[in-house]
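Coordinates in review
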Amino acid sequence: MAALSASCLVGPVPFKDVATAVDGHSSTPEEYEDIVSGLPSSTALGMVLRQYRGSWVIQERVTAFISLQRRFTPRPGDVLLASPAKCGTTWLKALAFATMARGAYPPTDAQHPLLRMNPHECVPFMDELFTAGQDARLEALPSPRLMHTHMHHSLLPASVTDNPDCKIVFICRDPKDMLVSLWHFVKGVRPFTFDDLFNSACEGKTPNGPIWDHLIGYWSTSKTSPDNVLFRYEEMLIDPVGHVRELARFIGQPFSHADEAAGIPADIVKLCSFDKLKGQGANTAGSYDGKVFSFAHETFFRKGVAGDWVNNIDARDGATL
Ligand code: PAP
């Protein structure tokens, strides 16, 4: 599809349609490299991690996070999705995009973007764009923008966290299910065992670890700030329509009586359901190609259930898969 011209659009638009029209590249100041080399480091799971402001960050991402903190300028209406890895990001991206963009793209539209592209192509991953020096692509997006990060809350710039015009939606999940999901996701491409992963996670040394600090950071702000909301993957599975309503309210686009009468919330849930998305050609083929990692689109869809850890982790001994 031809790249969209962002100037005449209302967001969010499918990121992939706009991104190809912009080729922003920003260099990393040497000063950032000096900061990275002075940080504590640890090798875990075949990766070099740096401890940056309490979080273990993949070395290649640290300069990106510094750039993001210093250069990212939020706009009124921005919505930031946040999550640890493997907690339901793909689903939340789909639901948030379908909810925010329902005016331009009704969820029953046969041409809906989520039927032709992976949710990660619809909603940009800020950490990767700053790592790849492609953050100018975010500037090309029309407002309101919908974006995603795996960063800890404590690493986000104050211009985002102290900004009532910028909403943050965090999704979390039982860490045991998260680890099992992560293991299946990376096992073909990473040289470590599940025991290695489990033990590293218990030491806090996974990318964007420790998991508990990641959760507590967003959980506590969700309790104190009306601009932060926390969703649990397990609760979303039980009541997806209720969560879509809450999401729409939270971002300031509540469903009208007409939307409800037309069944829009249920249609969004149906469009973004595990089975529907997993079966789309855009998700059975193609790949996500980042500067640090590449993954086939199909690997973002495995089981989509809660509690699968019982089939994978021996509760008496900890981990073995
Ligand atoms: P990411 O961090 O790489 O983006 P993320 O989407 O957060 O991954 O998590 C993937 C999990 O969400 C997978 O869980 P599982 O391994 O336990 O099965 C994946 O199956 C699940 N998932 C993906 N899409 C959906 C969906 N539409 N509904 C429910 N679960 C989903």
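Here the structure is shown first, and the text comes after it.
Below or above, wherever it landed, is the structure these notes cover.

So, the environment of Lys-176
- Take Lys-176: it is sitting in helix 9 (residues 175-186).
- Taking C-alpha positions, Lys-176 is 9.4 Å from Asn-312, a pair spaced 136 residues apart along the chain.
- Every residue in contact with Lys-176, bar those within four places of it in the chain, is listed here: Trp-309 and Ile-313.

With respect to the pairing of strand 3 (residues 55-58)
- Side-chain alternation along strand 3 places Ser-55 and Val-57 on one buried face and Trp-56 and Ile-58 on a second face that is also buried.
- Two elements, strand 2 (residues 47-52) and strand 3, share 4 bridges in a ladder whose sense is antiparallel. Of the residues in strand 3, the one forming a bridge with Leu-49 is Ile-58.
- Taken together, strand 2 and the strand that follows it, strand 3, pair antiparallel across an intervening segment of 2 residues, in which Arg-53 is found at a positive phi of about 50 degrees.

Topic: helix 3 (residues 59-71)
- With 13 residues, helix 3 extends 19 Å between its outermost C-alpha atoms, agreeing within 8% with the 18 Å of an ideal straight helix rising 1.5 Å per residue.
- Buried within helix 3 we find Arg-61, Val-62, Thr-63, Ala-64, Phe-65, Ile-66, Ser-67, Leu-68 and Gln-69.
- The inward-facing, buried residues of helix 3 abut helix 2 (30-37), strand 2, strand 3 and helix 6 (126-131).

A few points about the sheet that holds strand 1 (residues 41-44)
- The strand order across the open sheet formed by 3 strands is 1-2-3, and the pairing between neighbours is antiparallel. Each edge of the open sheet carries a strand with a single partner, namely strand 1 and strand 3. Strand after strand, the sheet turns through a mean of 40 degrees between neighbouring axes, direction not considered.
- As judged from the 4 bridges shared by strand 1 and strand 2, these two strands associate in the antiparallel manner. Considered in strand 2, the bridge of Ser-42 is made with Leu-49.

With respect to the side chain of Thr-90
- Inspection of the secondary structure assignment puts Thr-90 in helix 4 (residues 89-100).
- Within the structure, the side chain of Thr-90 is placed 2.8 Å from the side chain of His-120, a separation counted as a polar contact.
- Residues in contact with Thr-90, not counting those within four places in the same chain, are Pro-119, His-120, Phe-300 and Phe-301.

So, the site of the ligand
- Taken together, 21 residues sit near the ligand, with Thr-89, Thr-90, Arg-173, Ser-181 and Lys-303 positioned nearest.
- Arg-302 is positioned such that a nitrogen or oxygen atom in its side chain is 2.8 Å from an oxygen atom of the ligand.
- One of the backbone nitrogen or oxygen atoms of Gly-304 is found 2.8 Å away from an oxygen atom of the ligand.
- Looking at the shell around the ligand, the elements that each hand over two or more residues are helix 4 and helix 9.
- At 3 residues, the largest contribution of residues to the shell around the ligand is made by helix 4.
- Grouping the amino acids of the shell around the ligand by side-chain chemistry returns 9 nonpolar, 8 polar and 4 charged.

Some words on the pattern of salt bridges
- Evaluation of the coordinates by the stated rule reveals 13 salt bridges.
- Taking the shortest distance from any N to any O, the salt bridge between Asp-17 and Arg-116 comes out at 2.8 Å. Note that Asp-17 is positioned in helix 1 (residues 15-19) and Arg-116 in the loop between helix 4 and helix 5 (119-122), a separation of 99 residues in sequence.
- Note that Arg-145 and Asp-78 form a salt bridge whose closest N and O atoms lie 2.8 Å from each other. With Arg-145 in the loop between helix 7 (136-139) and strand 5 (146-149) and Asp-78 in the loop between helix 3 and strand 4 (79-82), this residue pair connects regions lying 67 residues apart in the sequence.

Reading guide: rules and limits
Residues numbered from 1 in each chain as written. Predicted model: local features only at pLDDT ≥ 70, side-chain atom pairs only at ≥ 80, totals over all residues. Heavy atoms only, no water. Helix = DSSP H or I, 4+ residues; strand = E, 2+ residues; numbered from the N terminus. Contact = heavy atoms within 4.5 Å. Buried < 20%, exposed > 50% of the residue type's maximum accessible area, 1.4 Å probe, protein only. Pairing = 2+ DSSP bridges. Expected span 1.5 Å × (residues − 1). Axes fitted to C-alpha atoms, helices over the stretch in contact; angles between N-to-C directions. Polar contact = N/O pair within 3.5 Å; in protein donor to acceptor, adjacent residues only side chain to side chain. Near = heavy atom within 4 Å. Nonpolar A, V, L, I, M, F, W, Y, C, P; charged D, E, K, R; others polar. Salt bridge = Lys/Arg side-chain N within 4 Å of Asp/Glu carboxyl O.

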